[in-house]
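# Descriptive analysis of the structure
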Amino acid sequence: MFAAERRQLIIEMVRANGAVSLRELARVVQTSEVTVRRDVRALEAEGLLDRRHGGAVLPGGFSREPNYSQKNLLSPLEKGAIADLAAGLVQEGDTIMVGAGTTALEFARRLIRIPDVTVVTNSLSIGLALTHANRVEVVMTGGTLSTGNALVGTETQQVLQELRASKAFLSGGGLTAERGLSTANMLCASVDRVMVESVTEVIVLADHTKIGAQSMFQTVPTARITRLVTDQRATVDDQAASSLAALVECGVQVDLAPLGPAAGPHINDQTTPVTEPRLIPLPLQRRSAHGPTRRR
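To start, this report covers the structure provided alongside it.

Parameters at a glance
Residues numbered from 1 in each chain as written. Predicted model: local features only at pLDDT ≥ 70, side-chain atom pairs only at ≥ 80, totals over all residues. Heavy atoms only, no water. Helix = DSSP H or I, 4+ residues; strand = E, 2+ residues; numbered from the N terminus. Buried < 20%, exposed > 50% of the residue type's maximum accessible area, 1.4 Å probe, protein only. Contact = heavy atoms within 4.5 Å. Pairing = 2+ DSSP bridges. Axes fitted to C-alpha atoms, helices over the stretch in contact; angles between N-to-C directions. Polar contact = N/O pair within 3.5 Å; in protein donor to acceptor, adjacent residues only side chain to side chain. Core = buried A, V, L, I, M, F, W, Y, C linked by side-chain atoms within 4.5 Å. Phe/Tyr/Trp six-rings, centres within 6.5 Å; stacked < 30°, edge-to-face > 60°.

If you tally the helices and strands in the protein chain, you get 10 helices and 19 strands. Residue burial in the protein chain is summarised as follows: out of 296 residues, 53% are buried. A separation of at least 24 residues holds for 64% of the contacts in the protein chain among residues at least 6 apart in sequence.

What links the strands of a sheet is backbone hydrogen bonding, and the strands pair in either a parallel or an antiparallel sense. Pairing is parallel in the open sheet, where 7 strands are placed in the order E6-E5-E4-E9-E12-E14-E15. At either end of the open sheet lies a strand with only one pairing partner, and these are strand E6 (136-140) and strand E15 (253-257). Across the sheet, the mean angle from the axis of one strand to that of its neighbour is 20°, orientation sign disregarded. With 5 bridges joining them, strand E9 (residues 165-170) and strand E12 (residues 199-205) adopt parallel strand pairing. Residue pairing across strands places Leu-170 opposite Val-204, the latter belonging to E12. Running at roughly 140° to strand E14 (residues 227-231), helix H5 (residues 76-87) makes contact with E9, E12, E14 and E15 of the sheet.

Attention now goes to the environment of Arg-179. Looking at the element boundaries, Arg-179 is found in the loop between strand E10 (174-176) and strand E11 (180-183). Separated by 36 residues in the primary sequence, Arg-179 and Ser-215 have C-alpha atoms spaced 9.9 Å apart. For Arg-179, the side chain forms a polar contact with the main-chain oxygen of Ser-215, separated by 2.5 Å.

The next subject is unusual backbone geometry. Even without being glycine, Gln-30 reaches a positive phi, approximately 60°. The topology assignment puts Gln-30 in the loop between helix H2 (22-29) and helix H3 (33-45). At Asp-116, a position not held by glycine, the phi torsion is positive, near 60°. Mapped onto the fold, Asp-116 is located in the loop between helix H6 (102-109) and strand E5 (117-121).

Turning our eyes to something else, we now look at the nonpolar core. Ranked by internal contacts, the top residues of the largest apolar core, which has 31 residues, are Met-97, Leu-170, Leu-175, Leu-228 and Leu-244. Going through the elements one at a time, E9, helix H9 (186-196), E12, helix H10 (238-249) and E15 are the ones with two or more residues in this core. Per-element tally for this core: the top contributor is H9, with 5 residues. Residues in contact with Leu-228, not counting those within four places in the same chain, are Leu-175, Val-204, Ala-206, Ile-211, Leu-244, Leu-247, Val-252, Gln-253, Val-254 and Asp-255.

Glancing now at the packing of aromatic side chains. On inspection of all chains with the given rule, the structure shows 1 aromatic pair. Residues Phe-107 and Phe-169 carry aromatic rings whose centres are separated by 4.3 Å and whose planes lie at 25° to one another, so their mutual orientation is stacked. One end of the pair, Phe-107, is in helix H6; the other, Phe-169, is in strand E9, with 62 residues separating them in the sequence. With respect to class, Phe-107 is no different from Phe-169; both count as buried.

Take the pairing of E11 next. Within a regular strand, the side chains alternate between the two sheet faces. Here E10 pairs with E11 via 3 bridges, running antiparallel. If you follow Thr-176 over to E11, its bridge partner there is Gly-180. Connecting E10 to the next strand, E11, in antiparallel fashion are 3 residues. Sheet topology places E11 next to strand E13 (residues 217-220); 3 bridges connect them, and they run antiparallel. Residue Leu-181 lies in a different strand from E13, and its bridge partner there is Val-220.

With that settled, the discussion passes to the pairing of E6. The pairing of E5 with E6 spans 5 bridges and is classified as parallel. Across the sheet, residue Val-117 finds its bridge partner in E6, namely Val-136.

The values are spatial; any link to function lies outside them.
What follows is the structure in structure tokens.
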């Protein structure tokens, strides 16, 4: 495939999906990620798209949210690894809240093996996925069915305001240290904001294509995020590593889900592949016996 044809296909994929990882672009155009990265840089110079850490998005600063079917096809390996790691943060007897989204759905599927867990969710897909999980109690919020099989609206928010849980697991369209978690859907953003007020810990599930990106509506400010679970590829790109470091300095604990030797090096080790998730440290991050201390 000639460079012009390859780049035109890349543009069409980004326009169709809003955000596409380099790995997925390389697979579709049948070339290496190094070549795709070079193509993306050239297209960015022409103003046809914007580079994001590990991928490309529509130009203009805000990534357009792909529809639910499209998102199901994006970064499946990364989402599975994030879900596996995040499920280890749930203990027997926990009551948790889980927002809508394809990464959150993968996470919810892992909860089947944890006994006596109560899951509060506004995601119809998650409710259906846990229908036959005998050891998991599911509480649906009710509300108006929106895009992505999410229940939204005043009724949804009222239910959440009356409930309390230990942790909320949320995903979104983008995550930056300056703005926190954001999404392209205003109604979903409103529900997530209420969910955050009903829990003690907020855990964000976001693959590498979301790190450093941002969508239209803020859902969770950085100061309210306890933990980020992302995939190992988020440390390969220098800009992505910088975004992760900025999040850590804001007091967010970052855990990396391993993808195997082919995924790339750890932020602090340019030669040895990561084999387990680690907290990314910063020299300026203050710690206590109870974990990182947030900057005021």
